[in-house]
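Here is what each chain is made of, one letter per residue.
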Amino acid sequence: MTSTSVIDKTAQGGDQEPENFLTCASGVKSWLGTLDHKRIGIMYLICITFAFTAAGLMALVIRSELFFPGEQLVSPSTYNQLFTLHGAMMVFLFIIPGIPAALGNFVIPMMLGAKDVAFPKLNLTSWYLWVTGAIFFVCALGFGGLDTGWTLYPPYSTTTSSAVVLSVLGAFILGFSSIATGINFVVTIQKMRPEGMGWFQMPLSLWAFYATAVIQVLATPVLGITLLMLIAERTLDVGFFSPSMGGDPVLFQHFFWFYSHPAVYIMILPAMGVISELITTFSHKRPFSYSFIAYSSIAIAIFGFLVWGHHMFTTQSPVANMIFSLLTFSVSIPSAVKVFNWLTTMYKGSISLATPMMHALSFLLLFTIGGLTGLFLGTLATDIPLHDTYFVVAHFHYVMMGGTFVAFLGALYYWWPKMFGRMYNEFWGRIAAVGVFIGFNLTFFPQFIAGSQGMPRRYFDYLPQFTVYHQWSTVGAFVLGGSILIAALNLLSSLRNGAKAPANPWGSPGLEWVAASPPSHYNFDEDVPGRDPYDMELVEWGGSPEVGYVPSAKAKAAFEEHRKKIAAQSRGAH
Amino acid sequence: MGLLNIPSLPSMSALQPQDIWMPEQASTFAENVDWLFYGILYICIFFFVLVTALTVYFVVKYRRKSPMQETGGPTHNWFLEITWCAIPLAIVGWMWFEGFRGFMEMRSSPKGADALRVIVNAQKWSWDFTYPNGAMTQDLHVPANHKVVLSLNSLDVLHSFYVNTFRTKMDVVPGRINEIWFEPTMAGEFTLQCAEYCGDEHSRMRSKVIVHEDKAAFDTWLESYDPYKGLEPIAAGKLVFESKGCTQCHNVTGTNQIGPTLKGVIGREREFADGTKMVTDANYVRESVLDSKAKVVKGFDPVMPNYKGRISDKEIGFLIEYLTEVSKN
C-alpha cells in the first residue's frame, strides 16, 4: 500500500514538513481570493478577534466610568454610544459569526471527511459581506455614532441625530453574511456526509451547527425587513412605528425580537455543540444519551422561535404574557437535558483537565447559572421588578459570555493545534482559564444583586447605594480582560514557539483528527469513510505527547476495507 | 464613599436574604413577588449545588491518571432521561402558574370609585403627575394603604415607570395609555426610576414616590398644595425652572448643555436653525415653552418637549421673571 494515505502518515508522526493549507500558496491574493474553507475560517477568526477586542475595550471604558457614580471619564452621550456599540458589535460582529463562521467553517467539512463546504464561493462572499457590514459600523462611528442601544427601539431610534441609517445598513448587510453561512452549512451537512455517516453517526456539534444554520436562514430575513422598515421611516417618513405618524412602537419590538430572540440561540447552540465535543473527548468516552443531546438542539431551535414575546412582559397584554411565559419555560427543558447529559458523560470517564476541558467545565457552571437565573425572568411576577435591570444584564452575559465566549475559547484551544499545527502552553492556558472564570464571576455576579436591588440597565449614573456592586464588577472586568489577554498571548506565541502538534493530540475519533495538523489543502489525501465519532476504540495512545493519539488496528482495518471497496468500484467502472 | 465598600464581617453574619436580594417591601405586591423570588432562588441554589458537586466529584474521582485509562458507565438510560425531563417540567410548571397568578393581580386595576387616579406624563427626562383636583407635581404623592391607579402617557419616546420597592414596572409608550395600579403599605419616600433607555439623561430621569400616612393625610396635603405660596415671583420662577425638568438640559450659568444656556435669554440676539436671527425676549420664552420646535437655536437638536397643557400661565409668568433676573448681568 502507498504511504500517501492519511491514516498511515499520521501514525508516523512525519519527519519532514509536508505542504499544508497554510504553506501551499502565499501572498495577500492567495488569502483574499481563497475558496478554501480553512483559510476563510481563519480570516473570519482574525476579523472577529479585532471586533471582539474593540467591543471588549469599550466594555472596559464603560466599567471604568461606572466605578463611581457621577461623571468620571466620558460624557453621558459618549457612554450611551459605548454601550450601544459594545452590544451591537459583540452581537453582530463577534458572537453570531464567532463559533459557526470562524471555527465551524474550519472544522465542519473536516468532520464530514469532505474537501470543502458545499458552496465555497458563497462562503467567501459571506466573509466579504461581513467585512462590508463591519466597515459600515466603523463609518457610523465617524458620522455621529449610534446611541440607541443595540435594540434600536423607536421612536428614540427614529428621532435621534446619531448615525442610525448607516449602522442599520451595516447590520442589514451582516444579516446576509449570516444567511449565506447558514445556507452553506445546511447544505453541507445535509448533502456531504461521507458514506456510512447517517444523521445519528454525526458528531454532536454538527447537530448544533445544523440547528443554528436553520435558524440563521429562517430568522435573519425578518431582521432584514425590520431594519428596512426602520430606514424607510427615518428617510421617507413612512410611519410604521412612530405614533406621531400613526405607527406603533411595540410593533417594532415584536419584529425585532422575532429575529433577535432566535438569534440568542444562534449564539448559544454552536457553543453547546462544541461543549459536547470537549466533554466527550476529554472524558475519553461516548456521550451519555447521544440522541437526547442531538434532539435537544433541534428542540431549542424550534422553541426558540416561539418565545420572543418575553421581551415585552412590561408592555403587552396579560394573555400574550401568559402564553409567552409558558413557551419560555419550554426552552428550559432541552437546556437542562443537555447539562444533565454532559454531567453524566463524565461519570466513569477518564477526565483530563487540559485547557479546553477547563473551559468546558467553566462553561458548565456558568451556563448553569445563566440558565437558572432565566427562570426568574420567565416567571411573570418576578420578571416585573427585574425586567430591564442589571439582573437581566448579568443573566445574558452569563449565557452569552460565560456560555458562548468561554465555549469559543475552549474550542479555539481545542482546534488550534489542528489549525496551525502548534501546541499552546498548557500551564498558561489553564491559568488564563481560571482567570477568566474568576474575573467573569466577579464582574457579573454582583450585577444579579444590583439588579434585584433596583439598578436599571443602560445607566450612565446611579444612586450611591449601588456603588459597591459596580466596584466589584469593574475590578472583575479588568481581571477578565487581563486573563483574555494572557490567553491571546499564549495562542499567538505558540505560532512561533509552540511544540509541533501531532495529528490527534486529544484522542478524539472525529474525522477532523484523521487529517494532518495543519491539514493539507484538500484536508485528506484519500477518500475517507464515515465512522462513529465517539468510538474510542478507534484511537490509541501513541506513547508520548509528541505523537499524541494514533489510529488503532480497528481504525486501520476500516480504512483498508474502504480502500479495497473503492478500488473494486473503480475496477467495476472500467 | 470608599474604595470597595466591603461589608464588614459582623454585619455580614447578620445579613438577611432581603439585605442581599430584594429590598424592603412597600406595596401589597411585594410579599408575593418575594415569596416566589426566594422560592425560585432556593430551587436554583439546589440545582446549582447539585451540578457543581457532581462536576467536582466526577473530575476528582475519574481524573485521568494514564492516557488509556479504562472508562465505563452506561451510554443511555431511559429512566434517568425521563426523570430529568419530568422533574424540571413540573418545577417550571409551578413557576409559570404562580408567576402568572401574581402577575394578574398586578395587572387587574381595581374596579370601583375609591381608588386614587393620577395621570403620569413622562418625557425626556422628567416625570410629572396630575391629581384629580388639577394639581401637578414632579414627585408622586400617594396615600399609604390605599389603592392608586396610574394612567401612563409618554410625550416623546419609550420610558418605563419603575418603583422597585413596590415591585412594579410598566413601560410608558407614546401613542397609547398604559394603566397600572398598586397599594403602598408604608409611609416614606421611595425611588422612582426610568427603566427603558431614553437618551442622554436616562439615568437621571428619576423622581420620588412620597407615601403619606393615610388617605386623610394625603387629602390634607393635596388641598393645601401650592408650591408657590408666599414666594416672590423671582423665587417662584426659580422653583418652576428647577421643578419642571428644565434643568435636565438648561442652566443659567452661561455654559451650553443639551440645550442652550438660559443666561441672557432675555434680550440677546440668537441665530436659529433655519438661519433667521432675532433678539429673544419674554414672548420667545413663552413660545418655546409651549411650542418648543417653533424656533430652535442653531447648533442644537430639536429634542425639547412641548409644555402646552402642563404649565400654567401663572407659572410661565414666574419663569420669565426669573430668566429676566438671571439675564441681567
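Model, not experiment: these values are computed from the prediction.

The rules behind the values
Residues numbered from 1 in each chain as written. Chains lettered and ligands numbered in written order. Predicted model: local features only at pLDDT ≥ 70, side-chain atom pairs only at ≥ 80, totals over all residues. Core = buried A, V, L, I, M, F, W, Y, C linked by C-beta atoms within 7 Å. Buried ≥ 20, exposed ≤ 12 C-beta atoms within 10 Å, placed from the backbone. Contact = placed C-beta atoms within 7 Å. pLDDT = per-residue confidence, 0-100. Helix = DSSP H or I, 4+ residues; strand = E, 2+ residues; numbered from the N terminus. Domains from an automatic or database assignment. Nonpolar A, V, L, I, M, F, W, Y, C, P; charged D, E, K, R; others polar. Pairing = 2+ DSSP bridges. Expected span 1.5 Å × (residues − 1). Bend = angle between axes of the 7 residues up to and from the residue. Axes fitted to C-alpha atoms, helices over the stretch in contact; angles between N-to-C directions.

Caption draft 1: Molecular detail of the nonpolar core. One finds M89 and I275 of chain A to be the most contacted residues of the largest nonpolar core, which totals 234 residues. Sequence-distant contacts of M89 of chain A, defined by excluding residues within four places in its chain, comprise A51, A54, A55, F94 and F137 of chain A.

Caption draft 2: A look at the confidence of the model for chain B. All names here are of chain B. Mean pLDDT over chain B works out to 89, with 94% of the residues at or above the 70 mark. Confidence, expressed as mean pLDDT per element, reaches its minimum in chain B at helix α1 (residues 9–13) with 48 and its maximum at strand β6 (residues 159–163) with 97. Scored below 50 in pLDDT, residues 1–10 shows 7 contacts in the model against residues more than four places distant or in partner chains. Reported confidence for the predicted complex is 0.92 by ipTM and 0.90 by pTM.

Caption draft 3: Main features of the domain arrangement of chain A. All names here are of chain A. Along its sequence, chain A is organised into domain 1 (37–274) and domain 2 (502–574). Of note, the centres of domain 1 and domain 2, computed from C-alpha atoms alone, are 36 Å apart. The interface of domain 1 with domain 2 comprises 14 residues on the first partner and 14 residues on the second. For the side of domain 1 that touches domain 2, the element with the highest residue contribution is helix α4 (residues 76–111), accounting for 4 residues. Looking at side-chain class alone, the side of domain 1 that touches domain 2 contains 7 nonpolar, 3 polar and 4 charged residues.

Caption draft 4: Spatial organisation of the sheet that holds strand β5 (residues 148–154) of chain B. Taking strand neighbours across the sheet as the criterion, the 5 strands line up as β3-β2-β1-β5-β8 (chain B) in an open arrangement whose pairing is mixed. In this open sheet, the two strands that pair with only one neighbour each are β3 (136–137) and β8 (178–182) of chain B.

Caption draft 5: View of the interface of chain B and chain A. Opposite the 73 residues of chain B that make contact, chain A presents 75 residues. Of all the secondary-structure elements, those providing two or more residues to the side of chain B that touches chain A are α3 (28–61), α4 (78–107), β6, β7 (168–172) and β9 (188–194) of chain B. Across the side of chain B that touches chain A, the residue classes tally to 40 nonpolar, 21 polar and 12 charged.

Caption draft 6: Summary view of helix α9 (residues 249–283) of chain A. All names here are of chain A. With 35 residues, α9 should reach 51 Å at 1.5 Å per residue; the first-to-last C-alpha distance of 50 Å fits that figure. Remark: the principal bend of α9, roughly 35°, maps to W257. Along α9, 31 of the 35 residues are buried, which leaves the element largely enclosed by surrounding structure. Downstream of α9 by one or two residues, H284 has phi in the positive range, about 50°.

Caption draft 7: Representation of the domain arrangement of chain B in the model. Residues and elements named next belong to chain B. Each domain of chain B was delimited in the assignment, giving domain 1 (19–59 + 78–107), domain 2 (116–223) and domain 3 (233–327). The C-alpha centroid of domain 2 is placed 31 Å from the C-alpha centroid of domain 1. Contacts between domain 1 and domain 2 engage 9 residues on the former and 11 residues on the latter. Broken down by element, the residue count for the side of domain 1 that touches domain 2 peaks at 4 residues, all from α3. Classifying every residue of the side of domain 1 that touches domain 2 gives 6 nonpolar, 2 polar and 1 charged.

Caption draft 8: Focus on the pairing of strand β1 (residues 116–123) of chain B. Residues and elements named next belong to chain B. In this sheet, β5 lies alongside β1 in parallel orientation, the contact comprising 7 bridges. Its bridge partner being in β5, V118 is matched across the sheet by L150. Direction of pairing for β1 relative to strand β2 (residues 126–130): antiparallel, over a ladder of 5 bridges. Opposite V120, over in β2, you have F129 as the bridge partner. Turn length for the β1-β2 hairpin, with the two strands adjacent in sequence and antiparallel, is 2 residues.

Caption draft 9: Representation of the sheet that holds β6 of chain B within the structure. All names here are of chain B. Pairing is mixed in the open sheet, where 5 strands are placed in the order β4-β10-β9-β6-β7. The sheet is open, and its two edges are formed by β4 (140–143) and β7, each paired on a single side. Taken over all neighbouring pairs, the strand axes of this sheet differ in orientation by 25° on average, direction set aside. The sheet contact formed by β6 and β9 spans 2 bridges and is antiparallel. Counterpart to F161 in the pairing with β9 is C194.

Caption draft 10: Broad picture of the environment of Y79 of chain A. Residue and element names in this part refer to chain A. By the element assignment, Y79 lies in helix α4. Residue Y79 is classed as buried on the basis of its C-beta count, with 25 C-beta atoms lying within 10 Å. Put simply, Y79 and F460 are 381 residues apart on the chain and 6.5 Å apart in space, counted from C-alpha to C-alpha. When neighbours within four sequence positions are excluded, Y79 is seen to be in contact with I62, E65, V74 and F460.

Caption draft 11: Spatial organisation of helix α5 (residues 120–142) of chain A. Residues and elements named next belong to chain A. End to end, α5 covers 34 Å across 23 residues, agreeing with the expected 33 Å (1.5 Å per residue, within 8%). Buried within α5 are the following residues: N123, L124, S126, W127, W130, G133, A134, F136, F137 and A140. The secondary structure elements touched by the buried residues of α5 are α3 (37–65), α4 and α7 (164–191). With its phi angle positive at about 105°, G144 sits one or two positions after the end of α5.

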